[in-house]
Structures are given as structure tokens and as C-alpha cells.
Amino acid sequence: MTETALYDVAIIGGGLAGLCLSIQVAEAGFKVILFEKEHYPFHKVCGEYISLESWDFLIQRGVPLQKFDLPVMTKFQTSDVTGRLYNFKLPQGGFGISRYKLDHSLYNIAVEKGVEVMADTKIMATRQNKNQFILEGVSNTYNAKVVAGSFGKRSNLDIKWARPFTVKNSSLSNYLGVKYHIRFPHPHDTIALHNFKNGYCGISKIEEDISCLCYLTTAANLKNNGNSILQMEEEVLHKNPILKKIFTTATFLYHKPLTISQVSFAPKNQVENHVLMLGDAAGMITPLCGNGMSMAMHGSKLAFLSIQKYLNNQLTREEMEQEYILAWQNQFEKRLKIGRMVQSLFGGNLTTSLFFKTMEKVPMLAKAVIRSTHGKPF
């Protein structure tokens, strides 16, 4: 097994948080390596709506958002399981872009900035040796002063470390995510969430007049339908007439859906074994709030600020970890709690309808709930 030179920062996982952190670290003049088990570009299960709080941050990183001609959404539409529609304004708004396009753009910027990107590379284990880390790949080992984990919703390292959400079963665990790209005449300025029994389905425009169709449901829903996604869609999602129209009239652009299982919204630690967690690895907001991507990018900035101080000998490792944990929790903990609370009101019959009717009759409440799941520009 070959051993490499010492890096200032090693990042496990090349999604939004990992790529954004790598770019910031490289811009500050530090030596950084990033590991991604897939090969760029690739699709990911994701709602592909980003609140506008992230726009300036992406521009600063070098992503030419203005040139992409992206749809901007200022309206929120939802339906209960019977298909009754409710309409609200989005105070801040958001924009649509595929992960395929955004991640690939960030990957190219990272390479240009001098990040050593190791695609098709899986890290099997990490261990600390004095004040450094050793990362074990399949055929090589790597050394770094700081390690950040941006490996998504559930990884081999999560299981190896026996993180609580991987060993404890709760009502916040074991969800299934399914995503398609479709051609469908959905309004460019509207993000919609349509409920069905034990789940909800989002639809919004991305680039090139494509719509992202992505839904979340319980693993039990799939099991109760013979573990067939098609059967579940026909027997459960189609009970909402709006979803039935989408699924039966849209042009589907994938040969088969992208899926992810064992999704957990349970609270997570932001530091594990002295590895700083980023993005979904640090904590997941429910998809109906549409801000997981913004949180991932904002979290990368918080991590970078603490890592930079540590590498410049302004903080000890313990101080760096504690500063990051506190900054992350101050910024996101309330949003996560509200997201979990709101999710508990979705996917039902009476509770969902009552919630929407109350929001419709009390606009100030609707505005407050929507604002509470969005952050400020960073």
C-alpha cells in the first residue's frame, strides 16, 4: 500500500459541501485533497431547489449562475392527499439547477484552483496518529492534518463508526428517496410539493426547461407494495390526482429512477472521531423545506473558517472542533427542528389538510413557517 505526502486538509466526499470546502481551502493557499467514490459528472437523488441565500456564495466560488439561465421561483404550491391545492408566496425565493450541472461546475473550479481530486476513490477507514490523520483507500494511504467528512446521508464510515442513526431505529429513520428528470409543463416560478399517503413529492424546474420530480416516502410504503416502485406509484402516489396527471402524462428522461434508501433525519454529531462533518453527514433538513443544499454550502464556509484558524495556529484542534460545532448548531439547529416538526404534518389525511388550511387562513403564520426554514445570505 502506497503512502502519500502530507496534506493540510483531506475531504471525504465530493458533493456540494465537500467541493465548496475544497475550493475555499485551496483559495487560502493550503494543500487539499478530495475523495469521491463516483466519477464526475453524475446524477444524485436531490430536489434540486436552492434558496437564494446561496446565490452570492456560489458566485464568489466562481460558478457562473447568470450564464446558466436558471429558473427563479417565487411561489410555493402544495396539495393534500386528495389533490386540493394551496398557494403561498416564497418570501426569499430560490432557483433550480441539477446536481449534475452544479457539482460538475464546482468540480472543474476545484481542479482549476489546485485541489487534488481523487474521483473513483473510496476511503475505507481513518485513524489519528499523533496530530495527523491516516486515511486508508483500497490501494493507497493518505496523510492529512485535518479531515472533513462530506459523504452524504449514509456511508461505510458512518456504519464503521457506529454513528447512532445507523444503529437506532426511530420514526425519523429509514426513508426512501426517488428522483426523475421529466418534461412537463410546470410553471418556472413555482416549486410544488404534493402529498400522498406517508410521503410527498416535489416538482420544480431546473435548466433547459427540464423538471425535477423527486419524492420521499417511508420504506414501509415500498414494502407494502411488493418492493416495487412502479406499483407504489400507481397504488399510492396516484391517489393524488395531481400526481397521477404528472406521472401519466410527463415524458420521463431516465430509463429508471434514481433511488436512495435508509435516509435518516435523526440528529447527528458535527464531529466524529475528530473528523468535521459537513452537509448531510452533519445533519439533514427534511426535503420539503428545500434547503439541504444551502445548508451544505453554508456549513462548508463555517468549517473553513475554523479550519483556517487551526492551520494558522490560532486554535487548538479541540478549540477548532468546538468552534465549528457551536457555529453549526447556532446556524442550523432551529431550522432542523422546525423542519422535522413540519414533516410530521405531511403525508397524512386530516393533519395535512388542517395544517394547510390554517396556513392559508393565517398568511402571517405561513410566512413565518417558510422563513424559519430559510437562512440569510452568507
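These numbers were taken from a predicted model, which means no experiment stands behind them.

**Student:** Before we move on, can you summarise the state of the cysteines with the specific residues and values?
**Tutor:** For the structure on display, the rule yields 0 disulfides. Between Cys 20, a cysteine without a disulfide, and Cys 46, which holds the nearest cysteine sulfur, the sulfur-to-sulfur distance is 13 Å. Look at Cys 20 and you get buried, because its relative accessible area is 0%. The thiol of Cys 212 is not disulfide-bonded; the next cysteine sulfur, from Cys 214, is found 5.3 Å away. Overall, Cys 212 belongs to the buried group, its relative accessible area being 1%.

**Student:** So what's going on with the nonpolar core? Which residues, and what values?
**Tutor:** Ranked by internal contacts, the top residues of the largest apolar core, which has 73 residues, are Leu 106, Leu 135, Met 297 and Ile 307. Among the elements that line this core, the one with the most residues is helix H9 (residues 292-311), at 10 residues. Once you skip the residues sitting within four places of it in the chain, Leu 106 turns out to touch Leu 16, Leu 19, Cys 20, Ile 23, Leu 58 and Val 63. Tyr 175, Leu 193, Phe 355 and Val 369 belong to the second-largest nonpolar core, a separate cluster that totals 20 residues.

**Student:** So what's going on with helix H1 (residues 16-27)? Which residues, and what values?
**Tutor:** Given a rise of 1.5 Å per residue, 12 residues ought to cover 16 Å, and the 17 Å separating the end C-alpha atoms of H1 matches this to within 8%. Counting buried positions along H1 gives 11 out of 12 residues, so the element sits mostly inside the fold. Listed as buried for H1 are Leu 16, Ala 17, Gly 18, Leu 19, Cys 20, Leu 21, Ser 22, Ile 23, Gln 24, Val 25 and Ala 26.

The rules behind each value
Residues numbered from 1 in each chain as written. Predicted model: local features only at pLDDT ≥ 70, side-chain atom pairs only at ≥ 80, totals over all residues. Heavy atoms only, no water. Disulfide = S-S within 2.5 Å. Buried < 20%, exposed > 50% of the residue type's maximum accessible area, 1.4 Å probe, protein only. Core = buried A, V, L, I, M, F, W, Y, C linked by side-chain atoms within 4.5 Å. Helix = DSSP H or I, 4+ residues; strand = E, 2+ residues; numbered from the N terminus. Contact = heavy atoms within 4.5 Å. Expected span 1.5 Å × (residues − 1).

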